[in-house]
Amino acid sequence: MSSGMLRAPLAAAAAVGIGFFSTSALARTECDNDRAKSQYPNCENEIAVGSWAYRSGQPRDKNGDDRLGSSGTYVWRFFGPSGGFYMNNLSVWLANVAFTDTRATYAAGSFQGSFNQNTASNGWHVLGNALCSGPGTACTLQVDHGNGRTGADLVGFDLGFAATSSASDESMSCGFTTPVAGDVAAIQRKMLNAVDNYRDVRGAFHIAFSNNGQDEQVEFAISEENLRSFVRTTPREGAIEESVADGTSALLLYPERSMFQKKRRAPIVQREQARHFFNQACQAVYVARQDRAWAHAAHEVTLPSNYAFWLTGSDSKIVGHEVLLGRNVTSVAGRHDWYSSTKLGATGFKMWVDDETGTLLKLSGTNEHGRIVYAIDVSDIQFDRGVALGEFALDEPAGWTNIE
């Protein structure tokens with residue numbers, strides 16, 4: 001981490017003087033990859049470590065270029081008011097079908113989180129809000145390679161603090177006037193807010209996507225009530241990864257290598273705002289929930305935001321009701337837009353959503369020949385059975401190497 005990336009709680013905003021910013025008119029700050037300060041005067045960017053191929057001739061990227069990473073960290077460094085500043089609606093632009101990392105990890109100031117670039121829809125994705133504090137004026141946003149081809153393109157945020165989002169939906173002026181069907185919209189809302197609908201959950205699922213070779217078994221135990229989580233990911237090829245989190249810290253474990261990392265986290269402040277809209281440039285904006293239990297690899301099922309945003313397409317419809325794993329579920333089917341279809345190699349999808357919680361119990365995507373090209377299958381899930389907090393202990397393993 002850069003020295004400018006101090007993990008300060010959001011409550012410290014007043015202490016670093018960010019009350020200076022207006023809450024009614026926030027200044028937009030953006031920064032593209034490989035751009036000179038003459039074009040984006042408030043930022044600079046660089047490869048911090050690892051391998052990031054520069055690619056030009058990319059018509060859907062900002063300025064027609066991007067960085068595609070196979071290892072390491074890419075950094076955007078922003079310059080703002082001395083003493084610190086607030087990055088409101090910290091966002092990344094995803095529009096390239098080559099970005100297929102399922103666990104790209106972003107960090108800036110008080111924010112850090114993992115994000116699935118592979119299943120994300122085309123547009124701006126709001127990751128959260130970050131307080132950047134420190135003696136200097138620079139704050140960095142960085143993306144770390146996860147387990148796929150990591151994309152680095154345009155990033156942005158609103159400079160300042162707002163209690164609620166001031167963004168307005170330009171759908172009408174952009175020509176997007178067909179709303180999501182009411183029954184589908186209700187399912188979508190439940191999926192986007194699934195963490196509100198259970199106290200604790202444990203289970204297991206298999207996830208496989210042919211476009212990027214993802215093939216993993218995931219086991220998890222989560223207590224949203226106590227902000228605790230444990231997640232184990234076992235890939236068909238590769239090393240097992242585990243994470244334990246307690247709301248303020250996360251312990252990442254690599255048992256086959258006897259290595260670990262420990263990271264501090266700032267409290268999450270979740271504000272009321274639109275979850276999907278079009279900005280003045282007629283670009284789609286998606287605002288996902290942050291999970292205070294930090295169970296990122298389990299989110300494909302427990303907080304399925306990316307899949308919920310697929311339902312924004314007006315042709316999505318409810319196609320059935322059934323019982324799956326002893327739970328009442330609603331099945332929804334739809335067709336992918338050009339972006340997701342090209343990236344995932346699928347023309348249509350079908351998902352089975354738990355009626356009570358909004359969790360995703362099954363998903364399949366098929367190509368034009370009817371062949372399944374991606375799937376999620378939950379084999380076991382249990383809600384509100386109670387958890388023993390001892391299973392979420394963040395004890396550093398004796399004799400293991402700390403790779404922080």
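Residues numbered from 1 in each chain as written. Predicted model: local features only at pLDDT ≥ 70, side-chain atom pairs only at ≥ 80, totals over all residues. Heavy atoms only, no water.

Q: Help me get a handle on helix H2 (residues 182–192), residues and values and all.
A: All buried positions along H2 are accounted for by Val184, Ala185, Ile187, Gln188, Met191 and Leu192. In an axial view of H2, the angular spread of the buried residues amounts to 160°, which keeps them on one side of the axis. Away from its buried face by more than 90 degrees, H2 exposes Gly182 and Arg189. The elements touched by buried residues of H2 are helix H4 (305–310), strand E19 (317–324), strand E20 (327–335) and strand E21 (348–354). (Buried < 20%, exposed > 50% of the residue type's maximum accessible area, 1.4 Å probe, protein only. Helix = DSSP H or I, 4+ residues; strand = E, 2+ residues; numbered from the N terminus. Arc of directions from axis to C-beta. Contact = heavy atoms within 4.5 Å.)

Q: Please give an account of the sheet that holds strand E1 (residues 27–31) that cites residues and values.
A: Hydrogen bonds along the backbone pair up the strands of a sheet, which may run parallel or antiparallel. Reading across from one edge, E1-E10-E4-E7-E18-E17 is the order of the six strands in this open sheet, with mixed pairing throughout. The sheet terminates laterally at E1 and strand E17 (276–278), the two strands that pair on one side only. On average, each strand axis in the sheet is tilted by 30° relative to the strand beside it, whichever way the strands run. Taken together, the three bridges between strand E7 (residues 123–133) and strand E18 (residues 284–287) define a ladder with parallel strand orientation. Looking across to E18, one finds that Trp124 is bridged to Val285. (Pairing = 2+ DSSP bridges. Axes fitted to C-alpha atoms, helices over the stretch in contact; angles between N-to-C directions.)

Q: Which residues make up the confidence of the model for the chain, and what values do they have?
A: Averaged over every residue, the pLDDT of the chain is 87; the share at 70 or more is 87%. Taken together, the stretch residues 1–25 has pLDDT below 50 and engages in 57 contacts with residues farther than four places along the chain or on a different chain. (pLDDT = per-residue confidence, 0-100.)

Q: Describe in detail the packing of aromatic side chains, supporting the description with residues and values.
A: Inspection of every chain in the model, using the stated rule, returns twelve aromatic pairs. Aromatic pair Tyr74 and Trp76: ring centres 5.2 Å apart, planes at 70°, arrangement edge-to-face. Residue classification places Tyr74 among the buried positions, given a relative accessible area of 1%. Here the guanidinium or amino end of Lys362 rests over the ring plane of Trp352, the centre of that ring lying 4.8 Å away. (Phe/Tyr/Trp six-rings, centres within 6.5 Å; stacked < 30°, edge-to-face > 60°. Lys NZ or Arg CZ within 6 Å of the ring centre and 35° of its normal.)

Q: Pulling in residues and values, what's your account of the nonpolar core?
A: Counting residues in each nonpolar core, the largest one holds 47 residues, and the members touching the most others are Tyr307, Met351 and Tyr374. With six residues, strand E23 (residues 372–383) is the largest single contributor of residues to this core. For Met351, the contacting residues outside a window of four places in its chain are Met191, Tyr307, Trp310, Leu311, Thr330, Ser331, Val332, Leu360, Lys362 and Leu363. Ranked by size, the runner-up nonpolar core spans 40 residues in total, among them Trp93, Ala104, Val126 and Ala130. (Core = buried A, V, L, I, M, F, W, Y, C linked by side-chain atoms within 4.5 Å.)

Q: Lay out the pattern of salt bridges with the relevant residues and their values.
A: Applying the stated criterion to the full structure yields 17 salt bridges. A salt bridge links Arg199 to Asp384; its shortest N-O distance comes to 3.9 Å. In this pair, Arg199 sits in the loop between H2 and strand E11 (200–209) while Asp384 sits in the loop between E23 and strand E24 (401–402), placing the two residues 185 residues apart along the sequence. By relative accessible area, Asp384 is classed as partly exposed at 28%. Between Asp354 and Arg327 there is a salt bridge, with its nearest N and O atoms 2.9 Å apart. Of this pair, Asp354 sits in strand E21 while Arg327 sits in strand E20, and the two are 27 residues apart along the sequence. (Salt bridge = Lys/Arg side-chain N within 4 Å of Asp/Glu carboxyl O.)

Q: Tell me about the state of the cysteines, and please be specific about residues and values.
A: Inspection of the entire model under this criterion finds two disulfides. Each sulfur in the disulfide pair Cys132 and Cys139 lies 2.0 Å from the other. What sets the handedness of the Cys132 and Cys139 disulfide is the S-S torsion sign, and at about -55° it is left-handed. Each of the two residues, Cys132 as well as Cys139, counts as buried. (Disulfide = S-S within 2.5 Å.)

Q: Lay out the pairing of strand E3 (residues 66–79) in plain terms, naming residues and giving numbers.
A: With respect to burial, E3 is a largely interior element, ten of its 14 residues being buried. In this structure, strand E2 (residues 43–55) lies alongside E3, joined through twelve bridges in antiparallel fashion. Bridge pairing in E3 places Glu44 opposite Arg77. As defined by bridge partners, E3 adjoins strand E9 (residues 150–152) across three bridges and the pair is classed as antiparallel. Paired with Gly69 across the two strands is Thr150, which belongs to E9. One ladder, built from seven bridges, connects E3 with strand E8 (residues 138–144); its direction is antiparallel. The residue of E8 that forms the bridge with Phe79 is Ala138.

Q: Summarise the side chain of Lys263; cite the residues concerned and give the values.
A: Examined against the element boundaries, Lys263 turns out to sit in strand E16 (residues 259–264). Despite being buried, Lys263 has no salt bridge partner; Asp144 is the closest side chain of opposite charge, sitting 5.3 Å away. In this structure, Lys263 is in contact with Gln112, Thr248, Ser249, Ala250, Leu252 and Glu404, ignoring residues within four places of it in sequence. (Lys, Arg positive; Asp, Glu negative; His and termini not counted.)

Q: Tell me what's going on with the sheet that holds E19, and back it up with residues and numbers.
A: Pairing is mixed across the open sheet formed by twelve strands, whose spatial order is E19-E20-E21-E22-E23-E11-E12-E13-E14-E15-E16-E24. Only two strands of the sheet have a single neighbouring strand rather than two, namely E19 and E24. Pairing analysis gives six bridges linking E21 to strand E22 (residues 360–366), with the strands arranged antiparallel. Across the sheet, the residue bridging to Phe349 is Gly365, located in E22. Strands E19, E20 and E21 of the sheet are contacted by H2, whose axis makes an angle of about 55° with E19.

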